[in-house]
Every structure is written in C-alpha cells, then in structure tokens.
Amino acid sequence: MSCSLDALPPELFRYILAHLSPEAASALAQTCRRLNVIVRDDKIWQQYYLERYTYSVRSISYSNENYLLFAAQKSPELPDGYTWQKYFIQRSLQDKHIRVLLNEIMSTRKNRIHNANLISSTYGLLGFDVFKHYFPPSMDASKSIPLDSRNLTREYYSLEIARLISRQTGLALLQDMKTQEDISTEGKALLNALSIIQCFHPHGILLQLARLHTIGKQLLDDPIFLTLTLHEKCQLILTTMKNEHFLPADGTTEYYDINNSFIFSAFHGKPTIPLTLVSIFCALAEECNLIARPLGFPGEVMAQVHESSTSNDTSLPLIISVFENKIMTLDEINQRLGDFLDEPLQHPLPITSITILISRSARNMINSITQYPTSSLNSYGLYGAVCVLKILGAGALPFTFDSMMHVLKEHFPMDIHLFDILSSPFSSNPDERQQIQDQDANPSVIEEKRREDSLPKYFIGQIFQHIQYNYWGVICGWDLTCMASPVWQIRMGISSLTRGASQPFYHILADDSSRRYVAEDNIDTLAFTSIENEENKCAILRRLCTADSIGKQFERLDMSNARFIPNNELRAEYPGDFV
C-alpha cells in the first residue's frame, strides 16, 4: 500500500520542517498549496529566527537591571504588524546588505572606512550574527576548518568590523553612563562598568557572563545555603571563586599585566587584580540574594556585604578582601590604612562610586602601558583608557593629543569617530578627519616595487625561520636595502651582519602576531620545507594563520607550496612576486 506525500498529517510536516533550513523550507513551500500553508506556520519561523540570530537589538543602553552583555542578546519582541516570518525575512535582507558591504570592503580600498562605519551605524550589534560565521577558528572552538580552506581576508575584515562595532558600543555606553545622575553601586554594577572597558578588548562584547548566573544558581539551589550565616555565605562565595579559578595575581610582573584590566582574562583563568575580583564577587553575591558594594581604598578595592532588605539580620555589614580571600575587621583596615587616613574609619563606610572605580581601572591600564610598553594589548588599553578619562572627565589625559592619535590611527584606522570624541584645540592638524575621509573616497595609487637583478632572493608569502631567534614568520614586503632609521640600525647591530644595511630587508609577520623588519642574512626558507613531521608543519601554519593581521595581507594558505597567497593590494604593490 503506497502513501503519497500529500497524505502526511500537518504535525509530521512541522516536525520535518524543524530540521530543515529556512531556505529549504521556503523552497518546499513553492511545490504545492498545502505545503505553502503549512510552511507559513509562524511557530516554525520563530524557531528559525531564534536558532539563527543571537542579537536582536542594534545597540544597548547602560543599565544595571541585567549584565550589559546579556542585554544585547535578550529575546526579541515582535514589532507591531509583524509575523515571525516577516521579521525573519527582514533580518535576512539586512544580512544580505551587510555581506555586500563586507565584500566591497574586502575587494577594494575605495570607501573601505566609510562602508565599515556604515555597517556599524546602520546595523550595530545585528552585524555580529553575520560576522560570527566568518570569525577565525581561534574565536570559536567549535569550528573545524582545514587550513587551506580558510578565507583569511574575510576572517580578518569580519573580525575587524565586529571589533569596530564593539568599540562604538563601549563609547555609547560611556556617554550613557555620563548622563545618568544616580548610578547604582551594588551587585553587578561594577562588573557592568568593567564590561564597558571590555568592549575595547580584541574579543570585545563577545565575552559571555552566563557562567556567573550558573554559579549563583548552584549555590542557591543547595538547601544548606539558606541556613548559613552571612559570614559563612561570604566565605563560601570566596571558596567558590577560588574553585572556579577567579584568582589573585601575584606581586611580580603578573600583577601589572594590562590583561588584568580586562575581565576577559579573569573569565579565562588568568589571575587578576582586586578591582576585577571585587566586581565578580559583588555580582555573585547579588546572584545569592546578598547586597554587596565596592569600597575603594588606597592601593586596594574591597567589598562591603550585608543581607538583603527582606532579611531580619540587623548586624553590621562585612568587609571582604576578595584579593586576600578573607573577611576583614574594621580595626585591621584602619591599621593597614593608618598612613593614609586623617581619622579612623567607622561604620557605615562610604561606598565608592562606579564612575570613580571605572576611572581607576583606566589609570591602571595607563600604568601597565607605561611599565610594559611592548604588550600586544597596549593599543586596545590606550583606546579604552583615553575614552574613559575623556568622556567621564576623570582627569587629564596621560599623553599628548598628537602622540595618542598617532597610536590610535595606526591600530584603529576605521575609527574616525575618535576625532570627534578626542577633539582638542591643541591638535596640530584639525582637518585630519576630513583628510582621512577624502583619502578613503579617493585612495592614492599603489606604488609598485619591482625586483632588480634577481633581488631580493625571497618572495611575498614565503614561510621562513629566523636564523638567530628561531621564530617563524611570513614575508609581507621587502626593500632592496635597509630603509630603517640610522638609530634603529645602530640599536639592532645591522653593521655586524655580513652584508650590513646594503642587503634586502623584509617586512614580516611573526607567529606571535608581531611585525618585524628582518635582514635577508637572517631568513631561512628551507627550514620549513625540511621538516619531515607533517603535524609539526601544521602546528607552525596554524600559529601563522592565528596571527591577528594575517588576513590583511593574504587571502589564503597554499599548503602544497608552503606559501601564503597575497591579496589584490599586495599583488599590486609587488607585481613580480606572484604569478
């Protein structure tokens, strides 16, 4: 006995549709009237929407009702007059426009900055749902893409535009914070303030804070928790933080690492500073129905905790040194701070404002940059710190305007809005923003560099090992002779090389993401091809593909020839290096 497809009940069709893509379901709807009616079921399209889209708002406002980074991912409410199918189609059309603009950004230098900012201003956080599909595997552990199948250029610009959106989100939140008169200090307030600074981190708003809610729920779900005293509850939260690897940094260079000023590092197991630990403690305390607020002291931040307003507990609040993992008495604090206090502290202790604490975090970043100027995070830290201090009016900027703008323009060329935020009457060139926009609309012609008499010896995209320092790198450009300044040549001992400064020098990208200038005498391209173990080769290639700006110069990896394929711009600059 045969059964036609048309005879299947609608419920079975809906089950089948739940396992199809929206595109496949739309194609199925065109086969007959009955399927067209079934496919229009709005519950199916709601499922499609929620499965495909994480972000439902273009921007978020500063608030302490929830974690800021959660607010960007809240479940959407249908606009008036919309069905889920219509809403899905609208987002699909927006996605298509974003991909068109992304392709233009990848393929041409003209209007690259304009198009990136157009995506950011028009679609904001909604763009993340497009770009996340192109992020490199290092950003998404669930991705498994063969090295030679990756589009490095698409990965690079998708990530760069997502970072641009994240930074602009951080700027908007700072402006929003500035306009609020009474900012709450309890619970997740400090963590939300540090989340604003996190927007300027390379991983930006992608950080997930759901872990704190899960930890808090586990504590509350334990029936014993409600029977504990306030002292015991706080001690349990401290122990739980230690077990979850929210740990204090030691007193060596680790303490002053700029990573400590970004909550991303703490959530990935890196020991951190008191300010960050207190923000996590206060958020967890709120998850456990306690009231916790930060206390800013000279050289340290602590937390003050008491039971919720519904509790009958009238005892004095506890003071917690989260960094030292202990509950402090007022006498201990007065003894520690004796040199800084005009008179001993007494209950109730003054609560430190969130604005003061976020400004303190900004100054911590400046201190880290000053002490360790070679960190790869320094440009991101400078960006965040300068914006916090400038927008919140929390003190003089740490460097001259022109020196700051030089660093920010070099590392963040798409962020032209910075000229408005950081505008200064002391700028040496007040029309600089307009000049950048004009250059973006009409890029200068790329100057070709031709090889002479078979020099240089090596080619763009070749993989090599540094003969003296053993790191791996890929060649991104070259000069026929050393074009670095005499001071640099003296500092690097160029005259001690066999051919000195008269030999070709190469612009290279190292496997630690640093950019370097290397003499031909120090380049060994045979080192890679002579490796017999294929897994060792792949490990080197993976490190190079993970380098932050690899996609800015190269489209993909040609594994059979052990070489990176330059993009159109690099080919135009070095026409003799790629055939």
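Refer to the preceding data block for the structure.
About the criteria used
- Residues numbered from 1 in each chain as written.
- Predicted model: local features only at pLDDT ≥ 70, side-chain atom pairs only at ≥ 80, totals over all residues.
- Heavy atoms only, no water.
- Helix = DSSP H or I, 4+ residues; strand = E, 2+ residues; numbered from the N terminus.
- Buried < 20%, exposed > 50% of the residue type's maximum accessible area, 1.4 Å probe, protein only.
- Contact = heavy atoms within 4.5 Å.
- Areas by Shrake-Rupley, 256 points an atom, 1.4 Å probe, with all protein chains shown as cover.
- Lys, Arg positive; Asp, Glu negative; His and termini not counted.
- Charge placed at Lys NZ, Arg CZ, Asp CG, Glu CD.
- Patch = residues over 30% accessible without salt bridge, like charges linked within 9 Å, V, L, I, M, F, W, Y side chains within 5 Å.
- Salt bridge = Lys/Arg side-chain N within 4 Å of Asp/Glu carboxyl O.
- 1 Å grid on protein atoms, 1.4 Å probe; cavity = no way out; pocket = protein on both sides within 12 Å on 5 of 7 lines; lining within 4 Å.
- Points joined across faces, edges and corners; volume = space filled by probe spheres on them.
- Nonpolar A, V, L, I, M, F, W, Y, C, P; charged D, E, K, R; others polar.
- Pairing = 2+ DSSP bridges.
- Axes fitted to C-alpha atoms, helices over the stretch in contact; angles between N-to-C directions.
- Parallel < 35°, antiparallel > 145°, perpendicular 65-115°, else oblique.
- Left-handed = near helix turned anticlockwise from the far one by under 90°.
- Expected span 1.5 Å × (residues − 1).
- Polar contact = N/O pair within 3.5 Å; in protein donor to acceptor, adjacent residues only side chain to side chain.
- Core = buried A, V, L, I, M, F, W, Y, C linked by side-chain atoms within 4.5 Å.
- Phe/Tyr/Trp six-rings, centres within 6.5 Å; stacked < 30°, edge-to-face > 60°.
- Lys NZ or Arg CZ within 6 Å of the ring centre and 35° of its normal.

Draft legend 1. Highlighting the overall build of the chain. Looking only at helices and strands, the chain features 25 helices and eleven strands. Along the first, second and third principal axes, the C-alpha atoms of the chain reach 90 × 85 × 55 Å. Here the chain holds 579 residues, and 48% of them are scored as buried. A separation of at least 24 residues holds for 66% of the contacts in the chain among residues at least 6 apart in sequence. Within the structure as shown, the chain displays about 28400 Å² of accessible surface, and the carbon and sulfur contribution to it stands at 52%. Side chains of the chain carry 51 positive and 65 negative charges; the gap between the two charge centres is 6 Å.

Draft legend 2. Structural context of a nonpolar patch on the surface. A surface patch of nonpolar side chains, about 340 Å² in accessible area, is lined by Leu12, Tyr15, Ile16 and Leu20. Relative to the helices and strands, Leu20 resides in the loop between α1 (10-17) and α2 (22-29).

Draft legend 3. Layout of the environment of Ile327. Looking at the element boundaries, Ile327 is found in strand β4 (residues 326-328). A sequence separation of 246 residues divides Ile327 from Gly81, and the C-alpha atoms of the two residues are 56 Å apart.

Draft legend 4. Region of the structure containing the layout of surface pockets. Volume-wise, the second largest pocket comes out at about 410 Å³. Phe135, Met139, Asp140, Leu206 and Gln208 are the residues nearest the centre of the second largest pocket, which is lined by 18 residues in total. Along the lines of polarity and charge, the residues of the lining of the second largest pocket split into eight nonpolar, seven polar and three charged.

Draft legend 5. Examining the sheet that holds strand β9 (residues 523-524) more closely. Ordered in space as β8-β7-β6-β5-β9, the five strands form an open sheet in which the pairing is antiparallel. Bordering the open sheet on either side are β8 (515-519) and β9, each of which pairs with just one other strand. Sheet topology note: the strand β5 (residues 463-466)/β9 ladder contains two bridges and is antiparallel. Each residue of the ladder has a partner; that of Gln465, found in β9, is Asp524. Sitting on the sheet, helix α23 (residues 534-546) touches β5, β6 (472-479) and β7 (505-510), and the angle it makes with β6 is about 55°.

Draft legend 6. Spatial organisation of the sheet that holds strand β3 (residues 318-321). Read from one edge to the other, the open sheet built from four strands follows the order β1-β2-β3-β4, with strand pairing classed as antiparallel. At either margin of the open sheet sits one strand with a lone partner, and together these are β1 (290-297) and β4. Averaged over all pairs of adjacent strands, the angle between strand axes in this sheet comes to 35°, irrespective of strand direction. Bridge count between β3 and β4: three bridges; the pairing is antiparallel. Along β4, the bridge assignment pairs Ser321 with Lys326. Running at roughly 55° to β1, helix α16 (residues 354-371) makes contact with β1 and β2 (300-307) of the sheet.

Draft legend 7. The arrangement of the packing of helix α12 (residues 230-243) against helix α14 (residues 274-287) in detail. Contact geometry of α12 with α14 gives a least axis separation of 11 Å together with a crossing angle of 125°. The angle between α12 and α14 falls in the class oblique. When the axes of α12 and α14 are compared, the crossing they make is right-handed. For the pair α12 and α14, the contacting residues are Cys234, Ile237, Leu238 and Met241 in the first and Leu277, Ile280, Phe281, Leu284 and Ala285 in the second.

Draft legend 8. Broad picture of empty space enclosed by the protein. A complete count under the given rule lists one cavity of 30 Å³ or more for this structure. Together, Phe128, Leu159, Ala162, Arg163, Ser166, Pro202, His203, Gly204, Ile205 and Leu206 line the largest cavity. Top element by residues in the lining of the largest cavity is helix α9 (residues 152-179). It accounts for four residues.

Draft legend 9. Here's a closer look at the pattern of salt bridges. Here the structure, examined in full by the defined rule, presents 26 salt bridges. Where Glu160 meets Arg163, a salt bridge forms, and the shortest distance between an N and an O atom there is 3.0 Å. Taken together, the residues span about one helical turn, with Glu160 and Arg163 both in helix α9 at a distance of three residues. Judged on exposure class, the residue Glu160 and its partner Arg163 are both buried. Counted as one network, the salt bridges with shared partners bring together Arg91, Asp129 and Lys132.

Draft legend 10. Structural view of α9. The terminal C-alpha atoms of α9, which comprises 28 residues, lie 41 Å apart, in line with the 40 Å expected from a rise of 1.5 Å per residue. Among the 28 residues of α9, 23 are classified as buried, and the element is accordingly described as predominantly covered. Residue Asn151 occupies the N-cap position of α9, its side-chain oxygen lying 3.3 Å from the main-chain nitrogen of Thr153.

Draft legend 11. Region of interest: the pairing of β1. Counting buried residues along β1, six of its eight residues qualify, which places the element largely inside the surrounding structure. For β1 and β2, the ladder comprises eight bridges, and the chain directions are antiparallel. Looking at the pairing, Leu295 lines up with Met302 of β2. The turn joining β1 and β2, which pair antiparallel and follow one another in sequence, is formed by two residues; a positive phi near 80° is taken by Gly299.

Draft legend 12. Summary view of the nonpolar core. Grouped together as the largest cluster of nonpolar side chains are 109 residues, with contacts concentrated most on Phe281 and Ile320. Element by element, the count of residues in this core is highest for α9, at eleven residues. Residue contacts for Ile320: discarding those within four places in its chain leaves Cys234, Leu238, Phe281, Met302, Ala303, Val305, Lys326 and Ile327. Grouped together as the second largest cluster of nonpolar side chains are 33 residues, Leu147, Ile523, Phe528 and Ala547 included.

Draft legend 13. Highlighting the packing of aromatic side chains. Throughout the structure, instances matching the rule amount to 22 aromatic pairs. Ring centres 5.2 Å apart and planes at 70° place the aromatic pair Tyr255 and Tyr256 in the edge-to-face group. With a relative accessible area of 22%, Tyr255 lands in the partly exposed category. One aromatic cluster in this structure is built from Trp45, Tyr48, Tyr49, Tyr53, Tyr82, Trp84, Tyr87 and Phe88. Across from the ring centre of Tyr134, 5.2 Å away, lies the NZ or CZ of Arg154, which sits over that ring. If you follow Lys188 out to its NZ or CZ, it ends over the ring of Tyr67, 5.5 Å from the centre.

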